[in-house]
Amino acid sequence: MKPSHRLRLKKMLAHGFLLVALALVVLPFLMVLVTSLRKGNFPPNSLWLNPDQWSLEHWKYVLNIPYSEIVNPSTPPLHWLWNSVIVSALSSAGIILLSSTAAYAFARMRFKFRGHILQSLLILQMFPAVLALTAYYTILDSVGRHVEWLGLNTLPGLISIYLAGVSTNIWMIKGYFDTIPASMEESARIDGASPFQTFVRILLPVSAPIFAVVFILSFIYTMSEYPVASAVLGTPKTWTLAVGASSLLREHEKLWGHFAALAVLSGVPITVMFLLCQRFVIGGLTSGGIKE
Amino acid sequence: MILPTVSPIRLLIAALVTLPVLYLDFLTYQSGNNWLGVVILGLLALGLYIYLSPRAYTFRYLFPGLFAFSLFVIFPLLYTVYISFTNYSSRHLLSYQNVAELLEQDSYIVPDTPCYDYVLYRQGSAKYVLLLVDQSNREQRFLSEPFDLPPGQTVHYPTLVKISAIEPSHSIEGEPLQIAQITREGLFIPLRGYQFLLPNGQTVEKEGLDQFCCRNKIWKRNPDSSFTDQKTNFTIRPDFARGIFIDEKGEQIGIGFRAFTGLDNYIKIITDPEIQFPFVRIFLWTVAFSAISAAGAFAIGMVLAVILEWKEMGLRKVYRTLLILPYAVPAVLSILIFKGLFNQEFGAVNEFLHAVFRFAPQWETNPWGARAMVLLVNLWLGYPYMMLICTGMLQSIPSSIYEASAIEGSNPLTDFFHITLPLVLPPLLPVLIASFAFNFNNFSVIYLLTGGGPKMLGGGSAGETDILVSYTYSLAFRSSENNYALASAIATLLFFLVGTLAWINLRMSSRRIVY
């Protein structure tokens, strides 16, 4: 065999392999799209619809347009998406606010027990929120008896639990600060700037990329978070997307069509957002110390 | 470092922050949460010291992050450990104080006393009087002094109101209220708190919706914290070691309360066969699940990364973008989608397998089928992250190494196993361990896909695909027993296990990372 033929063959094999992988990735999503347009509630199982199977009932359900004699639910499904966006945006912003100054101190200042505190941040955050659920539940329950808007069944209560993400992000932001040479800050200090001024005026402006990464990663994480949200939020009005979407697939009443339409409608913007910010995120994952 | 002195503006801001916190603390103290009050006061003092004293300058930066960390990570963790030493569960839900109060309130209708019909009169805008008519002798009537009924609010029980005898012909001022009206205006709620003191010394209170009767307390609290049944002189006392009330023979009476039980839960995990049997099986499956997930996702991610790094391939960018999709789509949605695709009767996977291979695995009812499904889905979810990491690693290997080996006539396979893998594996080991630890606690994929099922025979609430976290969750939240304490004990053990892994990981990677 000639070398050029061999190369051609190798390329074809590689393409074939990648195409199979692509099919496994993309086909499930296409099937969900088809399911959302199909009459009735069947699990996703085909890429093709006969003309008599077409129906927009699931999309009408999701967009809260009346579509049959059955009354639409009191909580429109898009409300769940909205709840999720609020919770994710506020908790991600909160995490950045709370962790950035600490990351600065860890990166630039020398103090007692610095290494120990950093290590314990990393080890203690390995304790997943699901395991502390009983504790979170009891704590929120007793807080709610005195401060109603911060108790069980409230979005602020859920957000405050998600703020537990500070530890991982202190590490990520610190890792980025470490890569920025301190020389600029040195010269600002010589010119008489206080540490806080150098932090705000010099370090923060050049650190926008890492804040974007932290924001996007924690946004996506909270968007997908299921166990804590389902334990804390009891009424459909306060549900997040994760809890609401899974509620459509209860044991004896699986509304696959409704679920598919909701999944497409809410999954697409999040996915597009991620892909647009991909470059930042991948950079943040592969550089800077510790990941995930 | 320049240390700023305390400026008047800073003092003013500190005062403005301090005042509302002090007020909040006052409210906390008033509501009976003394310890919380002390903690808030302590935190306030700490915060003031940090933001005013030049010596604590560094901590001004650390405070927000470390404060949030203590509040949202360390505190719940310690609380979980604390619960694991108690018997907190649906049978021991309330504190001793609450259960004792409930016992004190237990009452019975005193035999041989009359019950009364009643009419509630409204006088003016907010005052009420009650007329009682003896059901056995309708000539016998009583009228209360005026009292308040704040709509919808509870009145502390028992609030005593005197009620005195009147002639049947006595006319009563005010507007009589119907039962429907009383309900609608939410007046029953405050009415429950009142007891009416008859001239003969008996008290009567609301019994159901339409009468007032004479009730007596069943239990009398003795100074030694035992309780005596006033009808039969039967005595029970609390057993704080077990969190229950017991009679003389040691039998449980009534509901239990929360008690400190020491190492009981941990001993139970080791010795109780009903828990030990599922625990060991679930532990082994958890290890296998995490190991296969981490290693498998790494292998797939690595192969894809190597192919996509091949410069002569076309369309690399398109492939890469689409192959990242499982990482970009919210995992909850993907997991639920796969639940549908793997549906045994109607799902796409079985339709395809049946059409092509005449073979339809039982993904939902067969334990091995369910395990295979969970693993397949988790690999699908996990490989893009590994692919991204591996791509980063591959790009950092200088191409001159490959050129050198090409001159010696190598082929791609030997290149991969003799150059790439040995170079890439050591720095990736921490990532693999982190991924193992992550999957060890990968609750969502198990819970949303199978709910832990199919059920494990002889394993109580355990399922064949349950990993330790999902088992813990169903012990606490899905079984009727709601065994929060046992769940917390397993959670504590899990934390030590995963914490050790994280610590080892840190040791290994600290060679690369400079703090």
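About the cut-offs
- Residues numbered from 1 in each chain as written.
- Chains lettered and ligands numbered in written order.
- Predicted model: local features only at pLDDT ≥ 70, side-chain atom pairs only at ≥ 80, totals over all residues.
- Helix = DSSP H or I, 4+ residues; strand = E, 2+ residues; numbered from the N terminus.
- Rg over C-alpha atoms; globule rule 2.2 N^0.38 Å.
- Buried ≥ 20, exposed ≤ 12 C-beta atoms within 10 Å, placed from the backbone.
- Contact = placed C-beta atoms within 7 Å.
- Pairing = 2+ DSSP bridges.
- Expected span 1.5 Å × (residues − 1).
- Bend = angle between axes of the 7 residues up to and from the residue.
- Domains from an automatic or database assignment.
- Nonpolar A, V, L, I, M, F, W, Y, C, P; charged D, E, K, R; others polar.
- Core = buried A, V, L, I, M, F, W, Y, C linked by C-beta atoms within 7 Å.
- Axes fitted to C-alpha atoms, helices over the stretch in contact; angles between N-to-C directions.
- Parallel < 35°, antiparallel > 145°, perpendicular 65-115°, else oblique.

Some details on the overall build of chain B
Next, step 1: The number of helices and strands found in chain B is 18 helices and 15 strands.
Next, step 2: Here chain B has a C-alpha radius of gyration of 35 Å; the compact-globule value for 515 residues is 24 Å, and the former is much larger.
Next, step 3: Taking the principal axes of its C-alpha atoms as reference, chain B extends roughly 120 × 80 × 50 Å.
Next, step 4: Across the 515 residues of chain B, 31% fall into the buried class.
Next, step 5: Of all intrachain contacts in chain B linking residues separated by at least 6 positions in sequence, the fraction that spans at least 24 positions is 59%.

Observations regarding the overall build of chain A
Next, step 1: The helix and strand tally for chain A stands at 14 helices and 2 strands.
Next, step 2: Computed over the C-alpha atoms, the radius of gyration of chain A is 24 Å, more than 25% above the 19 Å expected from 2.2 N^0.38 for a compact globule of 292 residues.
Next, step 3: Principal-axis analysis of the C-alpha atoms places the extent of chain A at approximately 80 × 75 × 35 Å.
Next, step 4: Residue pairs at least 24 apart in sequence account for 68% of intrachain contacts in chain A once pairs closer than 6 positions are excluded.

Observations concerning the environment of V204 of chain B
Residue and element names in this part refer to chain B.
Next, step 1: By the element assignment, V204 lies in strand β9 (residues 203-207).
Next, step 2: Judged by C-beta crowding, with 25 C-beta atoms within 10 Å, V204 ranks as buried.
Next, step 3: Separated by 234 residues in the primary sequence, V204 and F438 place their C-alpha atoms 62 Å from one another.
Next, step 4: Once residues lying within four places of it in the same chain are set aside, the contact partners of V204 are Y116, F196, L198, F212, C213 and C214.

A few points about the sheet that holds strand β11 (residues 219-221) of chain B
All names here are of chain B.
Next, step 1: Here we have 5 strands laid out as an open sheet, ordered β11-β12-β13-β14-β15, and antiparallel in their pairing. Edge strands, defined here as strands with exactly one partner in the open sheet, are β11 and β15 (252-253).
Next, step 2: Taken together, the 2 bridges between strand β12 (residues 227-229) and strand β13 (residues 235-239) define a ladder with antiparallel strand orientation. In the sheet register, F227 faces β13, and the bridge partner there is I236.

Topic: helix α13 (residues 367-396) of chain B
Next, step 1: Between its terminal C-alpha atoms α13 of chain B stretches 43 Å, which fits the 44 Å expected from 30 residues at 1.5 Å a residue.
Next, step 2: Considering bend angle alone, the principal kink of α13 of chain B is centred on G382 of chain B and spans about 35 degrees; proline P384 of chain B follows within four residues of it.

Describing the domain arrangement of chain A
Residue and element names in this part refer to chain A.
Next, step 1: By domain assignment, chain A separates into domain 1 (3-55) and domain 2 (77-286).
Next, step 2: Computed over C-alpha atoms only, the centres of domain 1 and domain 2 are separated by 34 Å.
Next, step 3: Between domain 1 and domain 2, the contact holds 10 residues from the first and 8 residues from the second.
Next, step 4: Residues of the side of domain 1 that touches domain 2, tallied by class, amount to 5 nonpolar, 4 polar and 1 charged.

So, the interface of chain A and chain B
Accessible area lost upon the coming together of the parts serves often as the stated size of an interface.
Next, step 1: Listed as interface residues are 78 residues of chain A and, on the opposing side, 78 residues of chain B.
Next, step 2: Counting residues per element, the side of chain A that touches chain B draws most heavily on helix α1 (residues 3-36) of chain A, which supplies 11 residues.
Next, step 3: Residue classes in the side of chain A that touches chain B are distributed as 56 nonpolar, 19 polar and 3 charged.

Concerning unusual backbone geometry
Next, step 1: Cis geometry marks the peptide bond from G453 of chain B to P454 of chain B; its omega dihedral reads -5 degrees.
Next, step 2: Among the secondary structure elements, P454 of chain B is positioned in the loop between α16 (443-449) and α17 (468-478).
Next, step 3: Even without being a glycine, N64 of chain A presents a positive backbone phi close to 60 degrees.
Next, step 4: As for its placement among the helices and strands, N64 of chain A is situated in the loop between α2 (57-62) and α3 (77-108).

As for the nonpolar core
Next, step 1: Ranked by internal contacts, the top residues of the largest apolar core, which has 159 residues, are L133, L158 and A245 of chain A.
Next, step 2: The dominant element in this core, judged by the number of residues it contributes, is helix α8 (residues 273-308) of chain B, at 14 residues.
Next, step 3: Not counting residues within four places of it along the chain, the set of residues in contact with A245 of chain A comprises F259, L262 and A263 of chain A together with V332, L333 and L336 of chain B.
Next, step 4: Counting residues in each nonpolar core, the second largest holds 14 residues, with Y128, L149, F212 and C214 of chain B among its members.

Comments concerning the packing of helix α7 (residues 166-179) of chain A against helix α3 (residues 57-84) of chain B
Next, step 1: At their nearest, the axes of α7 of chain A and α3 of chain B sit 9 Å apart, and the two run at 150 degrees to each other. Judged on the interaxial angle alone, α3 of chain B and α7 of chain A are roughly antiparallel. Judged by residue contacts, V166, S167 and I170 of chain A of α7 of chain A engage G65, A68, F69 and V73 of chain B from α3 of chain B.

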